[in-house]
Amino acid sequence: MYLNSHFRISGWLLPCGNWIECKPWEHIKSAKDIPYIIENKNKNTELQTLWDHPDEELLRAELAKIGMVKVCYYLIDADYLTHSQLQKLQDLYTISPLDEEIEFIGRIRIKIQVRLFLKIKDPDRLNKLF
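Keep in mind the model is a prediction, meaning the values are calculated, not measured. (Residues numbered from 1 in each chain as written. Predicted model: local features only at pLDDT ≥ 70, side-chain atom pairs only at ≥ 80, totals over all residues. Heavy atoms only, no water.)

**Here we look at the pattern of salt bridges**
Filter applied, for reference: What makes a salt bridge here is a side-chain nitrogen of Lys or Arg within 4 Å of a carboxyl oxygen of Asp or Glu, nothing more. The secondary structure listing takes helices from DSSP runs of H or I that are at least 4 residues long and strands from runs of E that are at least 2 residues long, numbered from the N terminus. Each residue's exposure class comes from its accessible area (1.4 Å probe, protein chains only) as a fraction of the maximum for that residue type: buried when under 20%, exposed when over 50%, partly exposed otherwise.
Tallied over the entire structure, the rule returns 6 salt bridges. The salt bridge partner of Asp77 is Arg60, with a shortest N-O separation of 3.0 Å. Within this pair, whereas Asp77 is found in strand S4 (residues 75-77), its partner Arg60 is found in helix H4 (residues 56-65), the two being separated by 17 residues in sequence. Look at Asp77 and you get buried, because its relative accessible area is 8%.

**Thoughts on the sheet that holds strand S2 (residues 19-21)**
Under the convention used in this document: Strand pairing follows a simple DSSP-based rule, namely that at least 2 bridges must link the two strands. A fitted line through C-alpha atoms represents every axis, and for helices the fit uses only the stretch in contact; the resulting angles, taken between N-to-C directions, go from 0 to 180 degrees.
The strand order across the open sheet built from 6 strands is S2-S1-S3-S4-S5-S6, with neighbouring strands paired in mixed fashion. Each edge of the open sheet carries a strand with a single partner, namely S2 and strand S6 (109-113). Across the sheet, the axes of successive neighbouring strands diverge by a mean angle of 20 degrees, strand direction being ignored.

**Some remarks on the nonpolar core**
The test is simple: We call a set of buried Ala, Val, Leu, Ile, Met, Phe, Trp, Tyr and Cys residues a nonpolar core when their side-chain atoms join them within 4.5 Å. Any two residues having at least one pair of non-hydrogen atoms within 4.5 Å are treated as being in contact.
Leu81, Tyr93, Ile102, Phe104 and Phe117 are the most contacted members of the largest nonpolar core, which totals 21 residues. Breaking this core down by element, the ones donating at least two residues are strand S3 (69-72), helix H5 (83-93), strand S5 (101-105) and helix H6 (114-117). Here this core gets 4 residues from one element, more than from any other, and that element is H5. With residues up to four places along the chain from it excluded, the contact list for Ile102 reads Tyr74, Ile76, Tyr93, Ile110, Lys111, Ile112, Val114 and Phe117. With 14 residues, the next largest nonpolar core counts Trp12, Leu14, Cys22 and Ile66 among its residues.

**Quick word on the pairing of strand S1 (residues 10-13)**
Sheet analysis places S1 next to S3, joined by 4 bridges and oriented antiparallel. Residue pairing in the sheet places Trp12 in a bridge with Lys70 of S3. For S1 and S2, the ladder comprises 3 bridges, and the chain directions are antiparallel. In the sheet register, Gly11 faces S2, and the bridge partner there is Glu21.

**A look at the environment of Ile110**
The residue Ile110 is located in strand S6 in this model. Between the C-alpha atoms of Ile110 and Leu126, which are 16 residues apart in sequence, the distance is 8.2 Å. Residue contacts for Ile110: discarding those within four places in its chain leaves Ile102, Glu103, Phe104, Leu126 and Leu129.

**With respect to the packing of aromatic side chains**
We count it as follows: Stacked, tilted and edge-to-face pairs are distinguished by plane angle, under 30 degrees for stacked and over 60 for edge-to-face with tilted covering the rest, among Phe, Tyr and Trp rings (Trp via its six-membered ring) whose centres lie within 6.5 Å. In this analysis the charged atom, NZ for Lys or CZ for Arg, is taken to sit over a ring once it is within 6 Å of the ring centre and within 35 degrees of the ring normal.
The full count for this structure, using the stated rule, is 5 aromatic pairs. Ring geometry for Tyr74 and Tyr93: centres 6.0 Å apart, planes at 45 degrees, overall tilted. With a gap of 19 residues between them, Tyr74 in the loop between S3 and S4 and Tyr93 in helix H5 connect regions that are remote in the sequence. Judged on exposure class, the residue Tyr74 and its partner Tyr93 are both buried. Counting every residue linked through ring pairs, the aromatic cluster contains Phe7, Tyr74, Tyr93, Phe104 and Phe117. One residue, Arg8, lies across the ring of Tyr73, its end atom 4.8 Å from the ring centre. Looking at Lys41, its charged tip hangs above the ring of Trp51, at a distance of 4.8 Å from the centre.

Here you go:
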(Lines give C-alpha, C1' and ligand atoms only; values in the text may rest on other atoms or scores of the structure.)
Protein backbone atom coordinates (compact mmCIF):
# COMPACT_ATOMS: atom_id res chain seq x y z
CA MET A 1 0.00 0.00 0.00
CA TYR A 2 1.42 3.37 -1.02
CA LEU A 3 0.86 5.95 1.70
CA ASN A 4 0.10 9.34 0.16
CA SER A 5 2.29 11.84 1.98
CA HIS A 6 -0.36 14.55 1.67
CA PHE A 7 -3.21 12.55 3.19
CA ARG A 8 -2.86 12.31 6.96
CA ILE A 9 -5.93 11.91 9.14
CA SER A 10 -5.83 10.71 12.69
CA GLY A 11 -8.46 10.85 15.37
CA TRP A 12 -11.59 9.46 16.95
CA LEU A 13 -15.06 9.18 15.49
CA LEU A 14 -17.91 9.29 17.99
CA PRO A 15 -21.08 7.21 17.44
CA CYS A 16 -22.95 10.40 16.49
CA GLY A 17 -20.45 10.99 13.66
CA ASN A 18 -18.52 13.83 15.30
CA TRP A 19 -14.82 13.85 14.42
CA ILE A 20 -12.12 14.60 16.99
CA GLU A 21 -8.66 14.97 15.52
CA CYS A 22 -5.55 13.86 17.41
CA LYS A 23 -1.93 12.99 16.75
CA PRO A 24 -1.38 9.40 15.61
CA TRP A 25 0.59 8.46 18.73
CA GLU A 26 -1.83 10.10 21.17
CA HIS A 27 -5.15 8.32 20.57
CA ILE A 28 -5.58 7.00 24.10
CA LYS A 29 -4.34 10.20 25.72
CA SER A 30 -6.77 12.30 23.67
CA ALA A 31 -9.64 9.84 24.23
CA LYS A 32 -9.45 10.47 27.96
CA ASP A 33 -10.37 14.13 27.29
CA ILE A 34 -13.47 13.43 25.16
CA PRO A 35 -16.66 14.27 27.12
CA TYR A 36 -18.61 11.34 25.60
CA ILE A 37 -15.96 8.89 26.86
CA ILE A 38 -15.75 10.53 30.29
CA GLU A 39 -19.55 10.25 30.66
CA ASN A 40 -19.41 6.57 29.72
CA LYS A 41 -16.50 5.97 32.09
CA ASN A 42 -18.62 7.19 34.98
CA LYS A 43 -21.32 4.61 34.10
CA ASN A 44 -19.14 1.71 32.93
CA THR A 45 -17.13 -0.23 35.50
CA GLU A 46 -15.03 -1.93 32.80
CA LEU A 47 -13.95 1.46 31.42
CA GLN A 48 -13.15 2.61 34.96
CA THR A 49 -11.03 -0.50 35.55
CA LEU A 50 -9.08 -0.11 32.30
CA TRP A 51 -8.71 3.69 32.42
CA ASP A 52 -5.13 3.64 33.75
CA HIS A 53 -4.21 0.08 32.78
CA PRO A 54 -0.68 -0.18 31.32
CA ASP A 55 -1.98 -2.16 28.30
CA GLU A 56 -3.70 0.58 26.30
CA GLU A 57 -5.05 -1.97 23.82
CA LEU A 58 -7.50 -3.19 26.46
CA LEU A 59 -8.89 0.33 26.87
CA ARG A 60 -9.04 0.79 23.09
CA ALA A 61 -11.06 -2.42 22.78
CA GLU A 62 -13.46 -1.22 25.47
CA LEU A 63 -13.83 2.13 23.70
CA ALA A 64 -14.81 0.25 20.55
CA LYS A 65 -17.57 -1.47 22.52
CA ILE A 66 -19.14 1.92 23.30
CA GLY A 67 -19.05 2.83 19.61
CA MET A 68 -15.79 4.74 19.28
CA VAL A 69 -13.87 4.38 16.00
CA LYS A 70 -10.12 5.00 15.93
CA VAL A 71 -8.73 6.28 12.63
CA CYS A 72 -5.04 6.53 11.79
CA TYR A 73 -4.25 7.31 8.16
CA TYR A 74 -5.62 4.33 6.19
CA LEU A 75 -6.31 2.11 9.22
CA ILE A 76 -9.78 2.17 10.76
CA ASP A 77 -10.21 0.35 14.05
CA ALA A 78 -13.95 -0.27 14.42
CA ASP A 79 -16.22 -2.91 15.88
CA TYR A 80 -19.24 -1.49 14.05
CA LEU A 81 -20.26 1.70 12.25
CA THR A 82 -23.35 3.84 12.53
CA HIS A 83 -24.80 5.66 9.51
CA SER A 84 -23.35 8.92 10.86
CA GLN A 85 -19.90 7.39 11.26
CA LEU A 86 -19.96 5.93 7.75
CA GLN A 87 -20.95 9.30 6.28
CA LYS A 88 -18.22 11.13 8.19
CA LEU A 89 -15.57 8.58 7.21
CA GLN A 90 -16.59 8.94 3.59
CA ASP A 91 -16.36 12.73 3.92
CA LEU A 92 -12.86 12.39 5.38
CA TYR A 93 -11.65 10.02 2.67
CA THR A 94 -13.02 12.00 -0.30
CA ILE A 95 -9.71 13.90 -0.46
CA SER A 96 -7.70 10.67 -0.52
CA PRO A 97 -6.45 9.18 -3.79
CA LEU A 98 -9.14 6.76 -4.97
CA ASP A 99 -6.70 3.90 -5.58
CA GLU A 100 -5.49 3.81 -1.97
CA GLU A 101 -6.66 0.96 0.26
CA ILE A 102 -8.41 1.44 3.58
CA GLU A 103 -7.97 -1.39 6.04
CA PHE A 104 -10.49 -2.07 8.80
CA ILE A 105 -8.64 -3.75 11.67
CA GLY A 106 -11.20 -4.02 14.48
CA ARG A 107 -14.08 -6.47 14.63
CA ILE A 108 -14.80 -5.35 11.06
CA ARG A 109 -12.00 -6.83 8.94
CA ILE A 110 -11.63 -5.83 5.32
CA LYS A 111 -9.27 -4.08 2.92
CA ILE A 112 -11.11 -1.94 0.41
CA GLN A 113 -10.13 0.67 -2.16
CA VAL A 114 -11.23 4.20 -1.31
CA ARG A 115 -13.24 4.39 -4.57
CA LEU A 116 -15.35 1.38 -3.47
CA PHE A 117 -15.61 2.51 0.15
CA LEU A 118 -17.09 5.83 -0.95
CA LYS A 119 -19.94 3.98 -2.70
CA ILE A 120 -21.16 2.07 0.38
CA LYS A 121 -24.49 3.42 1.60
CA ASP A 122 -25.40 0.94 4.33
CA PRO A 123 -22.98 0.45 7.26
CA ASP A 124 -24.49 -2.98 7.93
CA ARG A 125 -22.65 -4.23 4.83
CA LEU A 126 -19.43 -3.54 6.74
CA ASN A 127 -20.76 -4.48 10.18
CA LYS A 128 -21.37 -8.06 9.00
CA LEU A 129 -17.71 -8.51 7.96
CA PHE A 130 -16.26 -10.11 11.07
